[in-house]
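Summary of the model geometry
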Amino acid sequence: MKLSEIHKLLLPDEPFNPSQEADIEYLLTDSRQLHTPVGETLFFALKTQNNDGVHYIPSLYKKGVKAFVIGSDQRVDWVKPDDVVLLQVKGTSLDALQQLAAYKRSLYHCPVIGITGSNGKTAVKEWLYQLLRDDYNIVRSPKSYNSQIGVPLSVWQMNEQTELAIFEAGISEPGEMERLERIIRPTLGVITYIGEEHGENFESLEQKRAEKMKLFVHADTVIEEPTHQNVRTCIAVLRYLGYNEEKIQQMLLDKTHETHLTVDLKAMSDNVRYFRSELRQSTKMICMVKAFGYGTGSVEVAKRLQDEGVEYLAVAVADEGVELRKAGIHIPIIIMDPELEALDLILENNLEPNIYSFQSLTYIKQAIEQKGLEHYPVHIKIDSGMHRLGFEKDDMDKLIERLQNQKAVRVVSIFSHLAGADEHQFDTFTLNQIRYFRDMADTICVAMEEAGEPKPLMHILNSAGIERFPQYQFDMVRLGIGLYGFSAIGKELKNVCTLTTTILSIKTVHAGQSIGYSRRTFLTDDRRVAVIPIGYADGFDRRLGNGNGEVLVAGKRCKVLGNVCMDLAMIDVTGVNAQVGDKATIFGDQLPIKEIADKLQTIPYEILTSVSQRVKRVYIN
């Protein structure tokens, strides 16, 4: 939305300076959450009992934000620079935030589902999103954004591509819901179970329900489920949207009987903070989200890491970076293995290529010059002993000559890869790598500074290196497998990924019978055999068959019987209280990925990245 349009809405009687025009894409209410492009951000200086957002305006300006909204009772003790747009509105800045969001909502006429209640709001919202996302382009409340601040920030996400919106609304006292109703204006209302929770400001449950129902004064239809039956609520919404009973049954069946990789984003954040604690405050962090985010889903993971304030992301190839840009990821993204035929994509999406050879340098410079660009950010890779990609010591003079006296590229960083930082037996080799890298990187840095260029950043430490060699963190580090809870020093980190499926059938198979293809497993006595809908096409390794692997059911380990099939596997549930539909855990807290990797004589990376993309990813906070 144009800043002039926002100005006209909030301050209709005051002129707008056309020279200050800007496209506003992001609304900010918490200065600590500034991870968006600063030139497209509008900061609302909210005033609370304990704080006043105006105190953070000067620091935000230093970071590049130039548009601010304050209330009529707020004063900025600061000499306003000429390029700052300061909108002082009538009423409070919160009033202005809600007014702007209500206006944004009025621009779109797609179905909008408003959900309120005491329990189940988020559950119903996420269920509906999972059920409907293949049929609609959906905007929904992030996390549990349902407050007087959260609702306008949620509604602001709506755009021309939105086909369905699902928003939560929560209140803590009478009089609040009318404000949220003006913002959400649901066409369909959903009210979940209403209980005693957060009821201290209401005289009774009846009053509480009456206040919540005010969300639906303009809704066409209201669906109420007074119990905790969230599935029934979702079924009613599907019927309202025109799905027939057969389709609804199939959608729910697909949702219930399937394999999920659950990704705990809060646990990932905790792991990021642990690795941050091992670093100096000035050290920047690159997080690796290549290979579909190590199998976890790159977009959701990247969004969480962006929210965590990591300075860089890194992917393997251009397509991975383009996907992140399309999903709204705006922080710098390094392309570790840039394909020369994808240089146009790299440049068009503001992605930063790794240069590892003179040929790649030549092609990248030519592509940049053809587009008329200058000082494009690139990263130089040094081969310090991995012997995969990168420049070596004998290349230094020629490389420096090629980097000097040109305007096409700007070297942002110089880096290398450690080959064995996680293993004590290679420590001497690792230290030699670090010394070799430092000598070469210092040579390039000195040359760049002599040429009047900014000093490039240096980085060589991976996840294991951060823990075992923090004294060599240089300017940046690269966090990869550590994101998912794997420590090189035995630190108990948070498990991020849990792979589960459900039992499709159970039968008794008698002694002497064989199980599965190729008849590799014969039973010596009668066994209860369960079939689970996961196979090697999903990433359940075939080597886990014939008693080598285990699956967790009802807290007990169950051996895998016979060969693992493409789409199915059989497990022994004899003596286990297992029923059709019960959950079976392939890996998780009680069945660690590291244990499976050791059994297969591989590494956790392979287990994670082997989980097929046909396995649905479910993200929890």
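Reference entry: report on the structure contained in this document. (Residues numbered from 1 in each chain as written. Predicted model: local features only at pLDDT ≥ 70, side-chain atom pairs only at ≥ 80, totals over all residues. Heavy atoms only, no water.)

Taken in spatial order, the nine strands line up as β20-β23-β26-β25-β24-β27-β19-β10-β28 in an open sheet, and their pairing is mixed. Across the chains shown, the open sheet's two edge strands, defined by having one partner strand only, are β20 (505-509) and β28 (616-620). Averaged over all pairs of adjacent strands, the angle between strand axes in this sheet comes to 35°, irrespective of strand direction. Packing of helix α10 (residues 265-277) onto the sheet brings it into contact with β10 (260-264) and β28, and relative to β10 it is tilted by some 45°. (Pairing = 2+ DSSP bridges. Helix = DSSP H or I, 4+ residues; strand = E, 2+ residues; numbered from the N terminus. Axes fitted to C-alpha atoms, helices over the stretch in contact; angles between N-to-C directions. Contact = heavy atoms within 4.5 Å.)

Reading across the sheet, the five strands line up as β6-β7-β5-β8-β9 and stay open at both edges, with parallel pairing between neighbours. Either end of the sheet is taken by a strand with one partner, and the two such strands are β6 (138-140) and β9 (221-224). Ignoring which end each strand starts from, the neighbouring axes of this sheet average 15° apart. Direction of pairing for strand β5 (residues 112-116) relative to strand β7 (residues 164-168): parallel, over a ladder of four bridges. Bridging from a neighbouring strand, V112 pairs with A165 of β7.

Examined against the element boundaries, T233 turns out to sit in helix α8 (residues 230-240). The class of T233 is buried, set by a relative accessible area of 1%. Each residue touching T233, except ones within four places of it in the same chain, is listed here: V124, V190 and E225. (Buried < 20%, exposed > 50% of the residue type's maximum accessible area, 1.4 Å probe, protein only.)

Here we come to the pattern of salt bridges. One pass over the structure, following the stated rule, counts 31 salt bridges. Ionic pairing is found between K125 and E126, a salt bridge with its closest N-O pair at 3.4 Å. (Salt bridge = Lys/Arg side-chain N within 4 Å of Asp/Glu carboxyl O.)

Before going further, it helps to examine the side chain of S413. Tracing the chain through its elements places S413 in strand β16 (residues 409-416). Side-chain polar atoms of S413 contact the side chain of H379, separated by 2.6 Å. Residues contacting S413, with those up to four places away along its chain left out, are V378, H379, I380, P456, L457, H459 and M476. (Polar contact = N/O pair within 3.5 Å; in protein donor to acceptor, adjacent residues only side chain to side chain.)

Looking at α8, one finds that the buried residues are T233, C234, I235, V237 and L238. Looking one or two places after α8, you find G242, whose phi comes out positive at around 100°.

The next subject is helix α3 (residues 93-106). Relative to the 20 Å expected for 14 residues at 1.5 Å per residue, α3 spans 20 Å between its end C-alpha atoms, a close match to the ideal helical length. Within α3, the full set of buried residues consists of S93, A96, L97, Q98, L100, A101, K104 and R105. (Expected span 1.5 Å × (residues − 1).)

Contact geometry for α10 and helix α12 (residues 298-307): axes closest at 10 Å, N-to-C directions at 45°. Here α10 is positioned oblique relative to α12, judged by the angle of their axes. Two packed elements cross with a definite hand, and for α10 against α12 that hand is right-handed. Here L265, K266, M268, S269 and V272 of α10 lie close against α12, whose contacting residues are E300, V301, R304 and L305. Among the residues making up the contact of α10 with α12, the classes are represented as five nonpolar, one polar and three charged. (Parallel < 35°, antiparallel > 145°, perpendicular 65-115°, else oblique. Left-handed = near helix turned anticlockwise from the far one by under 90°. Nonpolar A, V, L, I, M, F, W, Y, C, P; charged D, E, K, R; others polar.)

Moving on to the nonpolar core. Within the largest apolar cluster, 116 residues are counted, with the highest numbers of intra-cluster contacts made by L305, L313, I380, I444, Y484 and F587. Listed in part, the 23 residues of the second largest apolar core include I138, V237, L238 and I248. (Core = buried A, V, L, I, M, F, W, Y, C linked by side-chain atoms within 4.5 Å.)

Another aspect to go through is the environment of E203. As for its position among the elements, E203 is in the loop between β8 (188-191) and α7 (205-213). Judged by relative accessible area, which is 75%, E203 ranks as exposed. Sequence separation between E203 and L399 is 196 residues; the distance between their C-alpha atoms is 76 Å.

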